[in-house]
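A closer look at the structure
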Amino acid sequence: MFSAMDLTNLYSISASEAARLIRDGMISSEQLVEACLARIAEVDGQIQAWAFLDSDYALAQARALDQLRLEGKPIGPLHGVPIGIKDIFDTADMPTENGSVICAGRTPSRDATVVSMLRAAGAVIMGKTVTTEFAYFSPGKTRNPHNSEHTPGGSSSGSAAAVAASMVPLALGSQTNGSTIRPAAYCGVVGFKPTHGLISRHHIFALSRTLDHVGLFSRSVDDIAMLAEQLVGFDEHDGDTRPRARIPFVQVAAEEPPLPPMFAFVKTPMWERADEETKEGFAEIIEQLGSQVEEVELFPSALQAWQWHQTIMGAAMAFNLAREWEKARDRLSEPLRTQIERGRRVSAVDYQHALSQIDPIHESFVELFEQRYDAILTPAAPSAAPKGLSSTGDPSFCTLWTLCGMPAISLPLLQSTSGLPIGVQLVGPRLGDARLLRTARWLAAKVATE
């Protein structure tokens, strides 16, 4: 076992290292969970990342997993590793309240598919992390770990903040517009939105079948790869998943690229929203990459993507929140009521037209990747986390990639003069997830050494 001194900062180790140490008997899951709980007690009073946390139950899970290992029984790749779960994912043994007073005290009878997969892999379900109201824009109680006067982003606010503050090494979130990439950027962690349909969303609160993605948070690309490898799979309850061969995320992400990666720097029409520090930071990265990056203009077919996304998301939210609208609209926030009202005005023709634009846009990007580029380079957000807690920030640099269902990752590679993180987003083609992680790992290493 580690010495007492070593155990002091045990909460800060990576998920990959924690899994290895537990597997080898160097530490116990109980010790790791105790360290994370002590960290939560130390810092969460100010950050407020958790919607539900039962310390005794988290420790009971850890002890049971330790006993399995001591008995020589099979253990999973995440055995004993704690993880935070966004409070829109159903958990049979914990409340799931969707960030809304309407769902206060809601106790599901079963786990979301991904929660079941985490348990099968041996993870400790630490607790439920704060989400904005029904995973939309109205903020929760969470604050940015780097400066409590600034937003942590949303809607996966608590997941990003909990990982950033080393309360847990891993967390799950979701993304329908920018709800994983943006909070990851603001909180200075790695956030990953996989290809649409790669990870099941069964028993996760639905905003839009077309746009909803599961999101992953960690402090390293390696940990993202380990987590993704456990969650990808076919689920008959999610019609957008497909049977497919196992994707070796960990192996591929750890490999050196066979050729130096090429990047397409795509500003998108949102570039004018970026502040000067973000623009200067990207100029530095582009200079570092030299001949490995080229600026690429966005295809004309994609220029209306933001409008199409709004049409699809608005109509889908109006449908999925119809019960709440009819029964308790006075208990919904003003921004959510406005969004539902807007969605209820969308015609079937406009909705179907917006849906029909997705595949042609993506095909244009497929051609780009096949001809020359390994990843698209673009900001994760227009700036570092804005000051104030009344908004979760601007998701506009995420919208296009979410609409197209393309994998995206945010890397904490830049910093503002005030010390807040600025995220760098990489985007790949659908089902190019493992290669995107490999490229992201390469870029993070290059920036760190120069």
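To keep things clear, this report deals only with the structure shown in the data block. (Residues numbered from 1 in each chain as written. Predicted model: local features only at pLDDT ≥ 70, side-chain atom pairs only at ≥ 80, totals over all residues. Heavy atoms only, no water.)

A separate point is the overall build of the chain. Counting secondary structure elements, the chain contains 17 helices and eleven strands. Computed over the C-alpha atoms, the radius of gyration of the chain is 21 Å, within 12% of the 22 Å expected from 2.2 N^0.38 for a compact globule of 450 residues. Structurally, the chain occupies a C-alpha span of about 60 × 55 × 45 Å along its principal axes. Counting across all 450 residues of the chain, residues that qualify as buried make up 59%. Summed over its atoms, the accessible surface of the chain is roughly 17600 Å², and 49% of this surface lies on carbon and sulfur atoms. Taking the average location of the 39 positive side-chain charges in the chain and that of its 52 negative ones, the two points are 5 Å from each other. (Helix = DSSP H or I, 4+ residues; strand = E, 2+ residues; numbered from the N terminus. Rg over C-alpha atoms; globule rule 2.2 N^0.38 Å. Buried < 20%, exposed > 50% of the residue type's maximum accessible area, 1.4 Å probe, protein only. Areas by Shrake-Rupley, 256 points an atom, 1.4 Å probe, with all protein chains shown as cover. Lys, Arg positive; Asp, Glu negative; His and termini not counted. Charge placed at Lys NZ, Arg CZ, Asp CG, Glu CD.)

Right, let's get into the environment of Asp56. In this fold, Asp56 is placed in helix 4 (residues 55-70). The class of Asp56 is exposed, set by a relative accessible area of 58%.

On to the packing of aromatic side chains, then. Working definition: an aromatic ring pair is given by the centre-to-centre distance plus the angle between the planes. Inspection of every chain in the model, using the stated rule, returns eight aromatic pairs. Members of the aromatic cluster, joined through ring pairs, are Phe265, Trp271 and Phe282. Sitting over the ring of Trp325, Arg329 keeps its end group 4.2 Å from the ring centre. (Phe/Tyr/Trp six-rings, centres within 6.5 Å; stacked < 30°, edge-to-face > 60°. Lys NZ or Arg CZ within 6 Å of the ring centre and 35° of its normal.)

Moving on, we come to the pattern of salt bridges. In total, this model carries 23 salt bridges according to the counting rule given. As a salt-bridge pair, Arg201 and Asp240 come within 2.7 Å of each other at their nearest N and O atoms. Taken together, the residues span a long stretch of sequence, with Arg201 in the loop between strand 5 (190-193) and strand 6 (213-218) and Asp240 in the loop between helix 8 (221-231) and helix 9 (249-254) at a distance of 39 residues. With respect to burial, Arg201 and Asp240 carry one shared label: buried. A single salt-bridge network, built from bridges that share partners, covers Arg201, Arg209, Asp238 and Asp240. (Salt bridge = Lys/Arg side-chain N within 4 Å of Asp/Glu carboxyl O.)

Let us now look at a negative patch on the surface. Taken together, Glu276, Glu280, Glu284 and Glu287 make up a surface patch of like negative charges. On the secondary structure map, Glu287 appears in helix 10 (residues 276-289). (Patch = residues over 30% accessible without salt bridge, like charges linked within 9 Å, V, L, I, M, F, W, Y side chains within 5 Å.)

Strands pair in a sheet through their backbones, by hydrogen bonds, and they do so in one of two ways: parallel or antiparallel. Read across the sheet, eleven strands follow the order 1-3-2-4-6-5-10-11-9-7-8 without closing on themselves; strand pairing throughout is mixed. On the outer flanks of this sheet lie strand 1 (50-53) and strand 8 (293-295), each paired with one strand and no other. Each strand of the sheet is rotated relative to its neighbour by a mean of 30°, with strand direction disregarded. With five bridges joining them, strand 4 (residues 170-175) and strand 6 adopt antiparallel strand pairing. Counted as the bridge partner of Gln175 is His213 from strand 6. Across the sheet, helix 17 (residues 433-449) lies against strand 5, strand 7 (263-265), strand 9 (375-379), strand 10 (408-415) and strand 11 (421-427), angled at about 5° from strand 10, the strand it touches most. (Pairing = 2+ DSSP bridges. Axes fitted to C-alpha atoms, helices over the stretch in contact; angles between N-to-C directions. Contact = heavy atoms within 4.5 Å.)

On to the pairing of strand 2 (residues 82-86). Buried residues dominate strand 2, accounting for five of its five residues. By the alternation rule, side chains of strand 2 split into Pro82, Gly84 and Lys86 and Ile83 and Ile85, which are all buried. Where strand 2 lies against strand 3 (residues 124-129), five bridges are found, and the strand directions are parallel. Residue pairing across strands places Gly84 opposite Gly127, the latter belonging to strand 3. Considered for its hand, the β-α-β crossover made up of strand 2, helix 5 (residues 113-120) and strand 3 is right-handed. Direction of pairing for strand 2 relative to strand 4: parallel, over a ladder of three bridges. (Right-handed = clockwise from strand over helix to strand, strands pointing away.)

A separate point is the packing of helix 11 (residues 305-320) against helix 13 (residues 334-344). If you want to describe how two helices pack, look at the angle between their axes and the distance between the axes. Across the interface, helix 11 lies against helix 13 with an axial gap of 7 Å and an inter-helix angle of 100°. The angle between the axes of helix 11 and helix 13 places the two elements in the roughly perpendicular class. Note on element contacts: helix 13 touches helix 11 through Leu336, Gln339, Ile340, Arg342, Gly343 and Arg344, opposite Gln310, Met313, Gly314, Ala315, Met317 and Ala318. Here the residues of the contact of helix 11 with helix 13 are counted per class, giving six nonpolar, four polar and two charged. (Parallel < 35°, antiparallel > 145°, perpendicular 65-115°, else oblique. Nonpolar A, V, L, I, M, F, W, Y, C, P; charged D, E, K, R; others polar.)

Secondary-structure assignment places Ser383 in the loop between strand 9 and helix 16 (399-404). Look past the residues within four positions of Ser383 in its chain and what remains in contact with it is Tyr186, Asp275 and Thr278.

Counting residues in each nonpolar core, the largest one holds 143 residues, and the members touching the most others are Leu377 and Leu443. No other element matches the eight residues that helix 3 (residues 29-47) contributes to this core. (Core = buried A, V, L, I, M, F, W, Y, C linked by side-chain atoms within 4.5 Å.)

What follows is about helix 11. With 16 residues, helix 11 extends 22 Å from end C-alpha to end C-alpha; this agrees with the ideal 22 Å at 1.5 Å per step. Across the 16 residues that make up helix 11, a large majority, twelve, are buried. Of the positions making up helix 11, those classed as buried are Ala305, Trp306, Trp308, His309, Thr311, Ile312, Met313, Gly314, Ala315, Ala316, Met317 and Ala318. Next to the buried residues of helix 11 lie helix 12 (322-328), helix 13, helix 14 (348-356), helix 15 (358-371) and helix 16. (Expected span 1.5 Å × (residues − 1).)

Moving on to the state of the cysteines. Using the criterion set out here, one finds zero disulfides in the structure. Lacking any disulfide linkage, Cys398 is separated from the closest cysteine sulfur, that of Cys404, by 13 Å. A residue is classified by how much of its surface remains accessible, and Cys398, at 1% relative accessible area, is buried. (Disulfide = S-S within 2.5 Å.)

The amide bond that connects Gly154 to the next residue, Ser155, takes the cis arrangement and shows omega of 10°. By secondary structure assignment, the location of Ser155 is in the loop between strand 3 and helix 6 (157-164). Positioned with a positive phi, Gln48 is a non-glycine residue whose angle comes to about 60°. When you line up the elements, Gln48 lands in the loop between helix 3 and strand 1.

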